[in-house]
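Listed here are the chains, written in short residue letters.
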Amino acid sequence: MNENKRVNIGQLYGKYGIFVILAIIFIVSALFVPGFRSLYNLKNVLLAIACTTTLAFGATFVIILGNINISYGSELAFIGCIACMVNVATGSVLIAALVAVVIGLILGALTGFIITKFHIPAFIMTLALTEAARGGAVLVTKGQTISGLTPSFTFIGQGYVGPIPMAIIIMMIAFAIMWVILNRTPYGRHVYAVGGNPKAAEASGISPAKITFIAYLLDGILVAISSLLLMGRLNSGVPGAGLSYEMDAITAVVVGGTSMAGGSGTLFGTLVGAVIVGIINNVQTLMGVDSNVQKIVKGVIIVGAVIIDVVTKASAKKAR
Amino acid sequence: MAHEEYVLEMRDIVKVFPGVRALDGVQLKVRPGKVHVICGENGAGKSTLMKIINGTYVADEGEMYYKGKLIGPHTVQDTLEMGIAMIYQELNPVLEMTIAENIWLGREPKNGAFVDFKKMYSDTQELLDRLNMPYKATQKMYELSIAGHQLIEIAKAISVNASVIIMDEPSSAIGDKEIGILFEQIFSLRDQGVAILYISHKMDEIFKIADDITIIRDGKWIETGPAEDYNPDKLVARMVGREITNVFPKDTTVKIGDVIFEAKNLTQVKEDGGRFRNISFQLHAGEILGFAGLVGAGRSEVMRAIFGLDPLSSGQLFLNGQEIKIRNTQEAIEKGIAMVNEDRRAYGLVLGRSIHHNISLVNLKKYMKGLLDDKMISEDVEKMRNLLQIKIAHENVEAGTLSGGNQQKVVLAKWLVGDVKVMILDEPTRGIDVGAKSEIHKLMTEFAREGMGIIMISSELPEILGMSDRIVVMQEGVIQGVLDRQEATQENIMKLATKGVKKDE
C-alpha cells in the first residue's frame, strides 16, 4: 500500500528543517559577523540562553498539550527574589533552592488547577499570574535589590566546572531528565496523546486534566531552577528581572517546531530553537543593532515560525 | 416538461460520496398543500436528498424542477430566495441574540445602511402572535428550551414565505406539547397551500400528518403513494424489504457462557444529558449482543456512560456477578471493559502519532522495564499486525494516513494488547470497505470464541441480524424489546425501533 509512503515537503521540514536553518544561520554568522567565531563568544551564546532554554523545556510540555504559560518573566522574579532572601538569611544555597522549587510547584499547581478545574484559558490564567507574580516580587523585596548572596549561589549562574559554565551543565541535566520523561515514560506518551486528541486520550483511559496539571508542576520546577540561574548570574535578587523572558522561551519552542495547536514537538527541537534564537540575539549585539530593533526582529521570528508551522501542517493535511 | 400539479419534482437523482452511492436514481414529486413524508432506514439517503434540494449538496446526476421550471446548480441562498426553506435536524441558534435577530439573521430589514430594528421587532412579534407562539420578539435565544429553538426555526421558515418547507426530524428533540404546536403549524401551512417535506421515523406521527409517502431504501427510490394506502406494518416491510444474503461469518457453534456483564436500571437524568432511562441487560461470555435502533435512540449514549465517558445518574453495573463502579474511562479499562467508539477519528486515534504510539497507548504500563521498552511495544505491534492483517508499511507511520479499515484495526489492536473481558463496539464497520468489513466480523467471532463478551451497536440491520446472538432494540432512550437470533427479522426490529415511546413518565 503506497498510502503509507507519502512524504512531502511539509513533513520533511517538520523533521529536518530546523537543523538546516541552524546550520545556515551558523555558517552565515561565522563567515560574515566579526567576532562570532571566537570560543569566548560561542560560550557567551550558550550562557545567555541557559536561563530561557531551561524555561523552554517546561514550555515544550505545556505547548505540546495545547496550552501556554506567558508568566515566566514574573515568576522568575518572584521565585528568584524569595530564593535570594532565603539564601541571605540562612546562608544555605540548598535551602534557597528547595524553597524555590516548592514555590515553583505551588505556582504550577495553582495554574494547572485553575485551568483544568474551571476550564479557564491558560492564556488568561497566566496573564493574570504575570501581573500577580510581579507584584509579589516587588512586595516581598519592598522594591529593593537583594544583595549579599553566598558565593555558592552566584556559582550557579556564573561559575565554571572545568571549561564548562555551571549554568550550561544545569540546563543540560534538565534537558536530559525532561527528555527521558517525555520520550521514555507513559506520562510522556500521554502528553502527546492529550495534546493531539484529548477525546481519544480520554477514551483510552487517560485523564487530560491530570496530564495537564502534572505538566504545569514540571513547568513550575523548571521555572524555579531557571530563577536560580538568573539571580545567580545577576549576583542579586532583582524584583524587576526576567522581563519578557517568556518571549524568548516561547520563541525557542515554536522555532524548534512544536506546534501551538498541540500534539507535536520535541525537546531536541526546542534546544535547537533556543540556540537559533541565541545566535540571532548575539549576532545583532555584535553588530551593534539597537536593542529595540532586536525586539522587533524577535517578534517577526515568532510570527514567521508559527506561519511556517501552520502552512506546513496544511500541506501535510493536503497530502493525506 | 414538468407537471404543473407538483411544486417540486426531483428526477433520477444520483449522488456519489467516496466509496458509496448515497442516492441512486431517486424520484420525488411534491404536491402543493400536502404533507409529504419521506421514509427510510438510517442511511437510506433521506437527509442527503433534502440537502440536494436545498443546495447544500450538488447532485451528480438528475434534474430538479421547481414550480415547473428546471433548476440548475443552486446554493442554499438561491433556494431560500426561491421559497424553499429547510429546518435542520441540528439547530444552530445564536444564543446571545434575540428571537427577532435570529429569525432575520443575514437578511435583516434595512433602513439605509442601518438595521431597521423597529420594523424587525414589530414584524417578528406579529409573526409569533399569528403562529400562537408564546414568546416575545425581544427575548434572548438562550432563554428558550431546545423545543423553543425548534419552534423559532419554524417561524423563521414561515417568515420567508416559503412554498416548500423541509423538516428533517423536527420532533426528535421536543416534547409532546411542542409537537402539538408543531403539527398545528404544519396543518395551517398545508391549508395555505405550502408543501411540507417531512422526515420522520415515528409511525404514529407519520400516519397523523402524512398525505403522501415516499419510501427510500439504500439510496434507491422504492415507491410513492397516498398515505391511505399504507399501514405501519406495510410501511416497515417496504422500508426494509431487501434480500438478506448471508455474508456474515457468524459461527453459531461458539459456546455461550455465563453472564459476564450486567447493567441494571441505568438512567441518565436531565442534568447529566438525560438520554436514556431504565436500561437493563445481560451479556454472556462468548456472546455478541447487538444493539439496534434508529440513529439517536440513545444506544451510544448508554455505552459511553458504561465506559465512563459520560456520567451515569443511577443504576448498577455488574462484572462477573460483582457490582462495579465506573467513574471514568480509566476505571472501566482496569476492569477489562473496552470501547471502540463510532467516531474513530475523534475518539479512537491520535491521528498525528504513529501506529506504534497508538497501539501502545492504553497499556503503556505493560511495557515498563524501569522506563518504557519500545522494543517490547514493537513486538506486540508486529503481533497485532499479523493477527489483524493491518496493512501498514511501517509502525512509525502516522495513524491519520491510513484507510478507514486499517484505522479501525489499529483501534482494535490498541485494546487487544491488553486484557479485555467486555468489548463494546459502536458502529465497528461504518465507512469501511467490504473486504475490511468482513475481516472485522471474522475477528469479532474469534474474540467471542475466546470468551469475550461483545456488545455491538450497529445501524445496519443486515449486520445486526448477521452477527448478533441476541438483539436489544432501543428507541428514544428506552429498551423496546430484546429478540433472539431465531426470532429476529428486519421487520420486527424496525417495528420495535419505531414503536413510539410514551413521554409522560
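Predicted model, so just to flag it, every value in this text is computed and none were measured.

Caption draft 1: Structural detail: the overall build of chain B. When helices and strands are counted, chain B shows 17 helices and 24 strands. Radius of gyration (C-alpha) of chain B: 25 Å, near the 23 Å computed for a compact globule of 505 residues.

Caption draft 2: Region of the structure containing the pairing of strand β16 (residues 314-319) of chain B. Residues and elements named next belong to chain B. Bridge count between strand β13 (residues 259-268) and β16: five bridges; the pairing is antiparallel. Following the sheet pairing, Glu262 is matched in β16 by Phe318. Here β16 pairs with strand β17 (residues 322-324) via three bridges, running antiparallel. Pairing of Phe318 across the sheet is with Glu323, part of β17. In this antiparallel pair of consecutive strands, β16 and β17, the connection spans two residues, and Asn320 shows a positive phi of 50 degrees.

Caption draft 3: Structural detail: the packing of helix α6 (residues 151-158) of chain A against helix α10 (residues 208-234) of chain A. All names here are of chain A. Packing of α6 against α10 leaves a shortest axis separation of 6 Å and a crossing angle of 105 degrees. Classed by the angle they form, the pair α6 and α10 counts as roughly perpendicular. Contact residues: α6 offers Phe153, Thr154, Phe155, Ile156, Gly157 and Gln158, while α10 offers Leu228, Leu229, Leu230, Met231, Gly232 and Arg233. Its residues assigned to classes, the contact of α6 with α10 comprises seven nonpolar, four polar and one charged.

Caption draft 4: Summary view of the nonpolar core. With 235 residues, the main nonpolar core has Ile454(B) and Ile493(B) as its most contacted residues. Top element by residues in this core is α10(A). It accounts for 13 residues. If we skip the residues at most four places from it in the chain, Ile493(B) touches Ala292(B), Leu461(B), Ile464(B), Ile471(B), Val473(B), Leu483(B) and Ala488(B).

Caption draft 5: Fine view of the pairing of strand β4 (residues 61-66) of chain B. Residue and element names in this part refer to chain B. Where strand β1 (residues 8-17) lies against β4, five bridges are found, and the strand directions are antiparallel. Of the residues in β4, the one forming a bridge with Val14 is Glu61. Between β4 and the antiparallel strand that follows it, strand β5 (residues 69-71), lie two residues; Lys67 among them carries a positive phi value of about 50 degrees.

Caption draft 6: Spotlight on the interface of chain A and chain B. Of the residues lining the interface, 24 residues belong to chain A; the matching set on chain B comes to 32 residues. For the side of chain A that touches chain B, the secondary-structure elements that each account for two or more residues are α7 (166-184), α8 (186-196) and α9 (198-202) of chain A. The biggest single contributor to the side of chain A that touches chain B is α8(A), with five residues. Class assignment for the residues of the side of chain A that touches chain B results in seven nonpolar, nine polar and eight charged.

Caption draft 7: Region of interest: the sheet that holds strand β12 (residues 220-226) of chain B. All names here are of chain B. Within the open sheet, the six strands sit side by side as β6-β9-β10-β3-β11-β12. Their pairing is mixed. Strands with a single pairing partner mark the edges of an open sheet, and in this sheet they are β6 (84-87) and β12. Direction aside, the axes of adjacent strands within the sheet are offset by 15 degrees on average. Judged from the four bridges that link them, β6 and strand β9 (residues 164-168) form a sheet pairing that is parallel. Bridge pairing in β9 places Ala85 opposite Ile165. Against the sheet, helix α1 (residues 46-54) contacts β3 (35-39), β6, β9, β10 (195-199) and β11 (212-217), and its axis sits at roughly 150 degrees relative to β9.

Caption draft 8: Summary view of the confidence of the model for chain B. Per-residue confidence for chain B averages 89 on the pLDDT scale, and 96% of its residues sit at or above 70. Predicted complex, confidence summary: ipTM 0.85, pTM 0.82.

Caption draft 9: How the structure looks around the sheet that holds strand β21 (residues 422-426) of chain B. Residues and elements named next belong to chain B. With mixed pairing, the six strands of this open sheet are ordered in space as β18-β21-β22-β15-β23-β24. Two strands lie at the open edges of the sheet, namely β18 (337-340) and β24 (478-484), each paired on one side alone. Across the sheet, the axes of successive neighbouring strands diverge by a mean angle of 20 degrees, strand direction being ignored. Inspection of the sheet shows β18 paired to β21 by four bridges, in the parallel sense. Among the inter-strand pairings, Met339 is bridged to a residue of β21, identified as Ile424.

Caption draft 10: Geometry of unusual backbone geometry. Residues and elements named next belong to chain B. The phi dihedral of Lys67 falls on the positive side, at around 50 degrees, and the residue is not glycine. With a phi close to 55 degrees, Asn161 is a non-glycine residue in the positive phi region. Relative to the helices and strands, Asn161 is located in the loop between α5 (146-159) and β9. Asn161 gets classed as exposed once you count the C-beta atoms within 10 Å, which come to 10.

Caption draft 11: Structural detail: the environment of Thr489(B). In this fold, Thr489(B) is placed in the loop between β24 and α17 (490-497). C-alpha separation for the pair Thr489(B) and Met50(B), spaced 439 residues apart in sequence, amounts to 29 Å.

Caption draft 12: Representation of the domain arrangement of chain B within the structure. Residues and elements named next belong to chain B. The assigned domain composition of chain B is domain 1 (8-240), domain 2 (257-336 + 421-505) and domain 3 (351-418). Between domain 2 and domain 3, the C-alpha centre-to-centre distance is 26 Å. Contacts between the two partners involve ten residues from domain 2 and, on the opposite side, eight residues from domain 3. Sort the elements by how many residues they give to the side of domain 2 that touches domain 3 and helix α15 (residues 434-449) lands first, with four residues. Partitioned by chemical class, the residues of the side of domain 2 that touches domain 3 number seven nonpolar, one polar and two charged.

Caption draft 13: Structural context of the environment of His149(B). All names here are of chain B. Examined against the element boundaries, His149 turns out to sit in helix α5. With 20 C-beta atoms packed within 10 Å, His149 lands in the buried category. In this structure, His149 is in contact with Leu91, Pro93, Met141 and Leu144, ignoring residues within four places of it in sequence.

Here is what the cut-offs are and how they apply
Residues numbered from 1 in each chain as written. Chains lettered and ligands numbered in written order. Predicted model: local features only at pLDDT ≥ 70, side-chain atom pairs only at ≥ 80, totals over all residues. Helix = DSSP H or I, 4+ residues; strand = E, 2+ residues; numbered from the N terminus. Rg over C-alpha atoms; globule rule 2.2 N^0.38 Å. Pairing = 2+ DSSP bridges. Axes fitted to C-alpha atoms, helices over the stretch in contact; angles between N-to-C directions. Parallel < 35°, antiparallel > 145°, perpendicular 65-115°, else oblique. Contact = placed C-beta atoms within 7 Å. Nonpolar A, V, L, I, M, F, W, Y, C, P; charged D, E, K, R; others polar. Core = buried A, V, L, I, M, F, W, Y, C linked by C-beta atoms within 7 Å. Buried ≥ 20, exposed ≤ 12 C-beta atoms within 10 Å, placed from the backbone. pLDDT = per-residue confidence, 0-100. Domains from an automatic or database assignment.

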